[in-house]
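# Structural description and commentary
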Amino acid sequence: MLPEFRSHASAPLSHQLEQRLGLDPRLEAGRIDVERVGDIAVVASAHSDGYVATAHLLGLLAALPAPTASGEHFWSELWRSSGSLYLLPANIKTFVLSSLAGEGTGLAGQILSAVDEMTPPQRVAAGEVIGQAVAESDHLPDLKTQVIGELWLRDLELTAWRVLHADHKSADPSRREAFFDAWTSV
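These notes cover the structure that comes with them. (Residues numbered from 1 in each chain as written. Predicted model: local features only at pLDDT ≥ 70, side-chain atom pairs only at ≥ 80, totals over all residues. Heavy atoms only, no water.)

For the rest of this paragraph, the subject is the packing of aromatic side chains. Following the criterion strictly, the structure yields two aromatic pairs and no others. Relative to tryptophan 75, the ring of phenylalanine 74 lies with its centre 5.0 Å away and its plane at 80°, an arrangement referred to as edge-to-face. Residues phenylalanine 74 and tryptophan 75 agree in their burial class; the two are buried. On the basis of an interplanar angle of 55° and a centroid distance of 6.2 Å, the ring pair of phenylalanine 179 and tryptophan 183 is categorised as tilted. Of the two residues, phenylalanine 179 and tryptophan 183 both sit in helix H8 (residues 173–184), four residues apart, roughly one turn of that helix. (Phe/Tyr/Trp six-rings, centres within 6.5 Å; stacked < 30°, edge-to-face > 60°. Buried < 20%, exposed > 50% of the residue type's maximum accessible area, 1.4 Å probe, protein only. Helix = DSSP H or I, 4+ residues; strand = E, 2+ residues; numbered from the N terminus.)

Let's shift gears to the pattern of salt bridges. For the structure shown, the criterion picks out four salt bridges. We note a salt bridge from glutamate 150 to arginine 123, for which the minimum N-O separation is 3.4 Å. Here glutamate 150, found in helix H7 (residues 145–167), pairs with arginine 123, found in helix H6 (residues 120–138); they are 27 residues apart in sequence, far enough to count as distant. Among the salt bridges present, the one from glutamate 157 reaches arginine 123, with a minimum N-O distance of 3.2 Å. In this pair, glutamate 157 is assigned in helix H7 and arginine 123 in helix H6, connecting sequence segments 34 residues apart. On the basis of relative accessible area, glutamate 157 is assigned to the partly exposed category, the value being 29%. Of the residues examined, arginine 123 reaches a relative accessible area of 16% and is grouped as buried. Each of Arg123, Glu150, Arg154 and Glu157 takes part in salt bridges that share partners, so that together they form one network. (Salt bridge = Lys/Arg side-chain N within 4 Å of Asp/Glu carboxyl O.)

Put into structure tokens, the structure is as follows:
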């Protein structure tokens, strides 16, 4: 079963299937023909970029030390270096748990707030702390920790933006038709 992307701006997949294809969410799989399966795949793929981006955000966070007693030093160093409380485990725990259920917009917003609040020197310092942790966890001793950390931060920031962008795509058929018309007239 595909997860539902639950947010204020996008309807759950079951609602999309019911609204766009007229399929009852309780319909037994054996009663769906091949054409309907194809239609379902199209609707599901329209939701996939948000799922993929949310999963990638979680994967990036999983590369960091766990928010346990053994990871406490890392998280306090990240806070000191970045100057941001937004990334502390206590402040993102609820968003991480929501993301595991398919709702990544809260985590994405929190991440973008954290990155936005950092000054350039704080970003460099945070990148160094993150780079050291990622180099140790992924066994990447040949790369500079500052480079690893900066790449990790850029990836985190871009992925958070992708989550928010995927969530705010319009499901309005008239807007989609206007987009199509504009491109076919070129």
